[in-house]
Amino acid sequence: MPKLTTNYLGLDLKNPIIVASSGLTDSIAKIKELEANGAGAVVLKSLFEEEIIMEMEEKIHAMTNRPFIYPETFDYMDEEPHEDILRKYLQFIKDAKAAVSIPIIASINCVSAQKWTYFSREIEKAGADALEVNLFVLPTDMNRTGEENEQIYIDVLKTVKEQVAIPVALKISPYHSNLANTIKRLDDLKVDGIVMFNRFYTPDFDIHNLSVTSGHILSNADDYKNSLRWIGIMSERVNCSLAATTGMHTSESIIKSILAGADAVQIASILYKNGSEYIDILNKEIYSWMSEQGFKSIRDFKGKLSQTKSNDPAAFERVQFMKHFRNFVE
Ligand SMILES: Cc1cc2nc3c(=O)[nH]c(=O)nc-3n(C[C@H](O)[C@H](O)[C@H](O)COP(=O)(O)O)c2cc1C
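A quick note: this is a predicted structure, and the numbers were derived from the prediction, not measured.

Examining the layout of surface pockets
Its boundaries defined by the atoms lining it, the largest pocket holds a volume of some 770 Å³. Ser21, Lys171, Asn198, Arg199 and Phe200 are the residues nearest the centre of the largest pocket, which is lined by 35 residues in total. If you list the elements that add at least two residues to the lining of the largest pocket, you get β6 (104-110), β13 (264-267) and α10 (269-274). Of the residues in the lining of the largest pocket, the class split is 14 nonpolar, 17 polar and 4 charged. The volume enclosed by the second largest pocket comes to roughly 510 Å³. Lining of the second largest pocket is provided by 18 residues; of these, Lys225, Leu228, Arg229, Ala315 and Phe316 occupy positions nearest its centre. Elements that contribute at least two residues to the lining of the second largest pocket include exactly α8 (225-234) and α9 (251-260).

Structure below.
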């Protein structure tokens, strides 16, 4: 009988399906339902750095009656993490831990290694099994170099790792001047896991009203391939756990991600579309496929098609269609 258990960030998961940070994980009732339908773990809806800082500033303004906040004022806040948003989030972690037995991964969305980081200690104290840091700097500042932007990832990781002993994962984007180098540097700093890749809000245009609108919120079933490529390239080259996210809509794409070397996957869009019952279907399909293939555990096929182990390592780094597909006809 195949076993779907896996290890992600040092945590034992009963299967590799993690529900990604989203509105699907923002209440205890929803988390209980996700567990009942077989989720291996959940990442709580993120807390946003901007929200924390804004609330701290409002509180300090109210306390000091000054329009300008001296940076050292934040030192006081370090010792007093009792803001409403923070307090609610910590209570949410405690309640989630009490309500379910699957691992609870807290999540913070941030853009800097600023004063919010003391909060990671509170997250640990509240009982979270791990912390996922969702970090993205849109490189729009023409006066900053790629290296300066990438240093933010390093600084955040170092600062958070200094504060907590629970595992820390970084959820990253594919947009780096040298992605392999950034991932290696994070791995050297003992990041516990990397989530590849976050999906971002994108603006779109309405050409009838000549206005800016919102792009599609949910991913498409074909969107998993960039994660697949990069998990395949990196899985043999790092020690940390890897989770694939974006566009995992079927058991097939989940299996492919594990074949590339992922320890787990994180899904959101397909559960928005099909409901949390779909987790059970995905697990059953993975189980059937493993039975057919004669795989007894996830370890039996994890990384079997990574770049180094696959029959065509060059395919992972092939990016131009020109030569290879010269005679392509549909
Ligand atoms: C409605 C919605 C809300 C999300 N909120 C968050 C969030 O708060 N923090 C975060 O790290 N990712 C968030 N995400 C991104 C998801 O965690 C996930 O990484 C992304 O949607 C790609 O997976 P998918 O293709 O299965 O949807 C959100 C996604 C959706 C669709």
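Some points on a nonpolar patch on the surface
Judged by side-chain polarity, Phe205, Ile207 and Val212 come together as a nonpolar surface patch covering roughly 390 Å² of accessible area. The residue Phe205 is located in strand β10 (residues 203-206) in this model.

Concerning α9
Within α9, 8 of the 10 residues are buried, which leaves it mostly tucked inside the rest of the structure. Every buried residue of α9 is accounted for by Ser251, Ser253, Ile254, Ile255, Ser257, Ile258, Leu259 and Ala260. The inward-facing, buried residues of α9 abut β3 (17-19), α8, β12 (241-245), β13, α11 (278-293) and α12 (298-301). Positive phi appears at Gly261, one or two residues downstream of α9, with a value of about 125°.

Some remarks on the environment of Ile279
Counting through the fold element by element, Ile279 comes out in helix α11. By relative accessible area, Ile279 is classed as buried at 0%. In sequence terms Ile279 and Val19 are 260 residues apart; their C-alpha atoms lie 9.0 Å from each other. Once residues lying within four places of it in the same chain are set aside, the contact partners of Ile279 are Ile17, Val19, Leu34, Asn37, Gly38, Ala39 and Leu271.

A short note on the pairing of strand β9 (residues 193-196)
Alternating positions in β9 separate into two faces, Gly193 and Val195 on one and Ile194 and Met196 on the other, with burial throughout. Here strand β8 (residues 168-172) pairs with β9 via 4 bridges, running parallel. Considered in β9, the bridge of Ile172 is made with Met196. One ladder, built from 4 bridges, connects β9 with β12; its direction is parallel. Pairing of Ile194 across the sheet is with Leu242, part of β12.

Observations concerning helix α5 (residues 118-126)
Residues of α5 that are buried include every one of Tyr118, Phe119, Ser120, Glu122, Ile123 and Ala126, and no others. Two residues or fewer after α5 comes Gly127, characterised by a positive phi angle close to 110°.

Some details on the packing of aromatic side chains
Counted under the stated rule, the structure contains 6 aromatic pairs. The rings of Phe136, Tyr175 and Phe200 are connected pair by pair, giving a single aromatic cluster.

Digging into the pattern of salt bridges
Where charged atoms from two side chains of opposite charge approach closely, those side chains can pair. Under the criterion given, the structure shown has 13 salt bridges. The shortest N-O distance in the salt bridge between Asp280 and Lys284 comes to 2.8 Å. Of this pair, Asp280 and Lys284 both sit in helix α11, 4 residues apart, roughly one helical turn. Residue classification places Asp280 among the partly exposed positions, given a relative accessible area of 31%. Given a relative accessible area of 52%, Lys284 falls into the exposed group.

What counts as what
- Residues numbered from 1 in each chain as written.
- Predicted model: local features only at pLDDT ≥ 70, side-chain atom pairs only at ≥ 80, totals over all residues.
- Heavy atoms only, no water.
- 1 Å grid on protein atoms, 1.4 Å probe; cavity = no way out; pocket = protein on both sides within 12 Å on 5 of 7 lines; lining within 4 Å.
- Points joined across faces, edges and corners; volume = space filled by probe spheres on them.
- Helix = DSSP H or I, 4+ residues; strand = E, 2+ residues; numbered from the N terminus.
- Nonpolar A, V, L, I, M, F, W, Y, C, P; charged D, E, K, R; others polar.
- Patch = residues over 30% accessible without salt bridge, like charges linked within 9 Å, V, L, I, M, F, W, Y side chains within 5 Å.
- Areas by Shrake-Rupley, 256 points an atom, 1.4 Å probe, with all protein chains shown as cover.
- Salt bridge = Lys/Arg side-chain N within 4 Å of Asp/Glu carboxyl O.
- Buried < 20%, exposed > 50% of the residue type's maximum accessible area, 1.4 Å probe, protein only.
- Contact = heavy atoms within 4.5 Å.
- Pairing = 2+ DSSP bridges.
- Phe/Tyr/Trp six-rings, centres within 6.5 Å; stacked < 30°, edge-to-face > 60°.

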